[in-house]
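An overview of the molecular structure
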Amino acid sequence: MNSAQEVHITESVLRGITPRRPLRQNMTPLQASEESDDAKEEEKSSQSWLSVWENIICWCRFYLLIPSNAKIAYYLSTLLALSIVQHYVDLPHLESITGKRSVLNQVFVKKGWGFTLAVFLPYRFVSLFLHPKLRVSLMQLIVRSALTTFFFFIWCQVLFPVIDNFSATCIAGNETLPLTKAQCLSTDGRQYFSFDISGHSYLLTYCVLIMMEESKEIIYFVWLKRQLFDEAARIRKEDSSWPDFDEKQVKSLRRRFPKVSPVVAFTFFNMSILALLWDFMLLVTTLYYHTFAEKVIGTVLALLSWAFLYRRVFPWLFSLKIFRS
């Protein structure tokens, strides 16, 4: 799906959803048989939860569901602009925020991929219970998690350190020593030089783009809510990818949706907060650390990894029969 299609589908599904928009209280049921009084009471009690999660989605979607091309343009433009600032301006450090030993760097960024998985996996896992083909959706989630983790590992944990060590030079006075980075810097008076591709630039850019891709599941949730609870406002099926539900599935989904929606809203909100934090730490990295070339290579590799997986590998892989039935 290209960017134009993404924007069209997102706008068509989310159009009219605003934080002030109340849910309909007098809704026409989808099933042919009349609902029991208990079912109606349960449906009424769920309306407040539906309103809450709908409001949270409205606030967060403006950040996570922006077009990917706009996000890429933002990353490249800020990389250029802030690198120029870094080169010409000697910026002071606020150690608790921008320092290498800050909590944000040591606790969050150093374990950035783990935090990213911990946020988007619960969000996608909960969504499985509102899909008609749970097994297929679970298989796709496992494959996406495995391949995105593999790309993070091969670049950040294997290739970047290898390039760093291969290009390293340890200098003590006029002497060049064949030492590792840790060995070189363990003694005062030594200087360590290498081509250190920015793992932070790769990791943070990669994580945000992946969360943006995975967050698109919220479009299905909004569509499903309107199909289940707002018959008068149903969206026309312009895309064959939207599933068809029989009467039994509709009854089941109408019971499960109010229970699942608070978890969806909470995990979606968490993704938005983490994406904001990663973008902030990326600004810190761009302003204070690495050379321009090291940051460019890290950022471009992240963009290529994301595009390769989500624009080529996953669409092809999930078109195979094993992932469709």
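Scope of this entry: the structure provided in the associated data block. Predicted model only: the values in this text are computed from it and were never measured. (Residues numbered from 1 in each chain as written. Predicted model: local features only at pLDDT ≥ 70, side-chain atom pairs only at ≥ 80, totals over all residues. Heavy atoms only, no water.)

1. Remarks on empty space enclosed by the protein
- Under the criterion given, the structure shown has one cavity of 30 Å³ or more.
- Considered as a void within the structure, the largest cavity measures approximately 80 Å³ in volume.
- The wall of the largest cavity is formed by Y74, Y75, T78, L79, S201, T205, D279, L282, L283, T286 and T299.
- When residues of the lining of the largest cavity are traced back to their parent elements, those giving at least two are α4 (68–88), α10 (199–214) and α12 (247–288).
- Split by residue class, the lining of the largest cavity holds five nonpolar, five polar and one charged. (1 Å grid on protein atoms, 1.4 Å probe; cavity = no way out; pocket = protein on both sides within 12 Å on 5 of 7 lines; lining within 4 Å. Points joined across faces, edges and corners; volume = space filled by probe spheres on them. Helix = DSSP H or I, 4+ residues; strand = E, 2+ residues; numbered from the N terminus. Nonpolar A, V, L, I, M, F, W, Y, C, P; charged D, E, K, R; others polar.)

2. Focus: the nonpolar core
- Judged by nonpolar contacts, the single largest core of 68 residues is most densely connected at Y206, I218 and W278.
- Counting residues per element, the ones that place at least two in this core are α3 (47–64), α4, α7 (112–127), α8 (134–166), α10, α11 (217–229), α12 and α13 (292–317).
- Tallying contributions element by element places α12 first for this core, with 14 residues.
- Once residues lying within four places of it in the same chain are set aside, the contact partners of Y206 are W113, L147, T148, F151, F152, A302, S305, W306 and L309. (Core = buried A, V, L, I, M, F, W, Y, C linked by side-chain atoms within 4.5 Å. Buried < 20%, exposed > 50% of the residue type's maximum accessible area, 1.4 Å probe, protein only. Contact = heavy atoms within 4.5 Å.)

3. Focus: α12
- With 42 residues, α12 extends 58 Å from end C-alpha to end C-alpha; this agrees with the ideal 62 Å at 1.5 Å per step.
- Of all the bends in α12, the greatest reaches close to 40° and is centred on F257; the proline P258 follows between one and four positions later.
- A positive phi of about 70° marks H290, the residue just after α12. (Expected span 1.5 Å × (residues − 1). Bend = angle between axes of the 7 residues up to and from the residue.)

4. Considering the state of the cysteines
- As enumerated under the stated definition, the model contains one disulfide in all.
- Between the sulfur atoms of C170 and its disulfide mate C184 the distance is 2.1 Å. Judged by the torsion about the S-S bond (85°), the C170/C184 disulfide is right-handed. Remark: C184 occurs in helix α9 (residues 181–185) and C170 occurs in strand β1 (residues 169–172); sequence separation between them is 14 residues.
- You can call C170 buried: its relative accessible area is 0%.
- Classification of C184 by relative accessible area gives buried; the value is 0%.
- With no disulfide of its own, C156 lies 8.3 Å from the sulfur of C207, the closest cysteine sulfur.
- C156 sits in the buried class, given a relative accessible area of 13%. (Disulfide = S-S within 2.5 Å.)

The analysis is restricted to geometry; functional conclusions fall outside its scope.
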